[in-house]
Amino acid sequence: MTTNAQEFNIEMTSVPKEHVKDVLRALLHSIFFHRLLVNVAPRELRFLDTTVATTDNREVDHLIEQRATEFFQTISSNNARQGKIAVLFYEQRDKKIWYPFSKAKELVCWERWAITINLAQPQSDLERQRSLRSVEHQLSQCLLDILRCANDHKEHIPSIKTIEGNPFPYHIAILTQSESWGAMIRRLLVTDAPATAGTETDTTNAPISPTIGPSQQRGGGGGGATNFGGDGMARPVPGSSNSGGNTSGHQSPSSRSPRRFE
């Protein structure tokens, strides 16, 4: 099945290795703040002297910390000069099959973000200071780019058909040496939806935890690239809302994409 997923690209250059995890945390939190379309209480975190608006979702926090650590380990293990990571958001659809009376589901990507981080190795204190100033400036610009992309491109967001649980499953995939970027993205654009609690033919209101079976793991891949776990699911916080709290000027709650229902 083909998919016309909207794609956004974010790139940072000359990032010292000691700042990679903070940079990645900030970018991922910003993306999820704008695209986690459930009721959340906004909060602020500081990364490299930059204020970033985040959600209060514990599953998202845990997943971002896990992927930031895996990303750092990946680039450290092979002395890479560049690392890439993807964030994908899915819609659940009926799968087109030829068997009568069958209603299998599949997850189709409607938006993906490609984050590229190029590494630097400053050799002196002066070079480290210059690199830090450059990283702080680039990070602020990238956060503004994420805000602009999220606000300017909303027409492709699927209609929300449930108010129970997270309407759009998501996944964070790390590029490894075992496959190319294009192969990884093609493998992840469409995947089968697993059976969930309740009936297998109606999973609209049930939380979905995407999994990839052995038959779908073409081209290898490791780390976060092939691991859809329970940490990949978002759930609303009871009694919370998407208003209130203070956020940075360029990531205010009012700038988040509106929720749509059918």
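Residues numbered from 1 in each chain as written. Predicted model: local features only at pLDDT ≥ 70, side-chain atom pairs only at ≥ 80, totals over all residues. Heavy atoms only, no water.

A. Representation of the packing of helix H1 (residues 20-35) against helix H2 (residues 58-77) in the model. Put simply, H1 and H2 touch, their axes get as near as 9 Å, and they point 145° apart. Considering only the axes of H1 and H2, their crossing is right-handed. Contacts between H1 and H2 involve Val20, Lys21, Leu24, Arg25, Leu28, His29 and Phe32 from the first element and Val60, Asp61, Ile64, Glu65, Arg67, Ala68, Thr69, Phe71, Phe72 and Ile75 from the second. In terms of residue class, the contact of H1 with H2 is built from ten nonpolar, two polar and five charged. (Axes fitted to C-alpha atoms, helices over the stretch in contact; angles between N-to-C directions. Helix = DSSP H or I, 4+ residues; strand = E, 2+ residues; numbered from the N terminus. Left-handed = near helix turned anticlockwise from the far one by under 90°. Contact = heavy atoms within 4.5 Å. Nonpolar A, V, L, I, M, F, W, Y, C, P; charged D, E, K, R; others polar.)

B. Representation of the confidence of the model for the chain. Averaged over all residues, the pLDDT of the chain is 75; the fraction at 70 or higher stands at 69%. Note that residues 194-255 has pLDDT below 50 and, in this model, 151 contacts with residues that lie over four places away or in other chains. Across residues 257-262 the pLDDT falls below 50, and counting only partners more than four positions away or on other chains, this stretch makes 23 contacts in the model. (pLDDT = per-residue confidence, 0-100.)

C. Local environment of the pairing of strand E3 (residues 50-54). With five of five residues buried, E3 is to be regarded as a mostly interior element. Of the two faces of E3, the one lined by Thr50, Val52 and Thr54 and the one lined by Thr51 and Ala53 are each fully buried. Direction of pairing for strand E2 (residues 43-47) relative to E3: antiparallel, over a ladder of five bridges. Residue pairing across strands places Leu45 opposite Val52, the latter belonging to E3. Count of turn residues in the E2/E3 antiparallel hairpin: two residues, of which Leu48 carries a positive phi of about 50°. (Buried < 20%, exposed > 50% of the residue type's maximum accessible area, 1.4 Å probe, protein only. Pairing = 2+ DSSP bridges.)

D. The arrangement of the pattern of salt bridges in detail. Going through the model one piece at a time under the given rule, you end up with eleven salt bridges. One salt bridge connects Glu65 with Arg25, and the closest N-O pair in it is separated by 2.8 Å. Here Glu65 is found in helix H2, whereas its partner Arg25 is found in helix H1, with 40 residues between them in sequence. The class of Arg25 is buried, set by a relative accessible area of 15%. (Salt bridge = Lys/Arg side-chain N within 4 Å of Asp/Glu carboxyl O.)

E. Local environment of helix H3 (residues 125-152). For H3, which comprises 28 residues, the first-to-last C-alpha distance of 40 Å matches the rise-based estimate of 40 Å (1.5 Å per residue) to within 8%. Buried within H3 are the following residues: Ser131, Val135, Gln138, Leu139, Cys142, Leu143, Ile146, Leu147, Cys149 and Ala150. Here the buried face of H3 lies against strand E1 (6-16), H1, E2, E3 and strand E5 (105-120). (Expected span 1.5 Å × (residues − 1).)

F. Spatial organisation of the nonpolar core. Core analysis: the largest hydrophobic core is formed by 45 residues, its most contacted members being Leu27, Trp113 and Ile115. Those elements that place two or more of their residues in this core are E1, H1, H2, strand E4 (82-94), E5, H3 and strand E6 (170-174). Ranked by the residues each element gives to this core, the list is headed by H1, at eight residues. Ignoring anything within four residues of it in the chain, the contact list for Trp113 reads Phe8, Ile10, Ile31, Arg35, Ile85, Ala86, Val87, Phe89, Ile146, Cys149 and Ala150. If you look at the next biggest cluster of nonpolar residues, it comprises 15 residues, including Ala5, Val108, Ala114 and Ile185. (Core = buried A, V, L, I, M, F, W, Y, C linked by side-chain atoms within 4.5 Å.)

G. Geometry of the packing of H1 against H3. Two elements in contact, H1 and H3, have axes separated by 10 Å at closest approach and are oriented at 15°. When the interaxial angle is binned, H1 and H3 end up roughly parallel. Relative to H3, H1 is oriented so that their crossing is right-handed. Taking contact as the criterion, the partners of Val23, Ala26, Leu27, Ser30, Ile31, His34 and Arg35 in H1 are, on H3, Val135, Leu139, Cys142, Leu143, Ile146, Leu147, Cys149 and Ala150. Residue composition of the contact of H1 with H3, by class: twelve nonpolar, two polar and one charged. (Parallel < 35°, antiparallel > 145°, perpendicular 65-115°, else oblique.)

H. View of the side chain of Ser131. Here Ser131 shows up in helix H3. When its relative accessible area of 13% is taken as the criterion, Ser131 is described as buried. Residues contacting Ser131, with those up to four places away along its chain left out, are Ser14, Pro16 and Pro122.

I. Focus on the pairing of E4. Sheet topology note: the E4/E5 ladder contains 13 bridges and is antiparallel. Looking at the pairing, Val87 lines up with Trp113 of E5. Examined bridge by bridge, E4 and E6 share five bridges and lie antiparallel to one another. Within E6, the position partnered with Leu88 by the bridge is His171.

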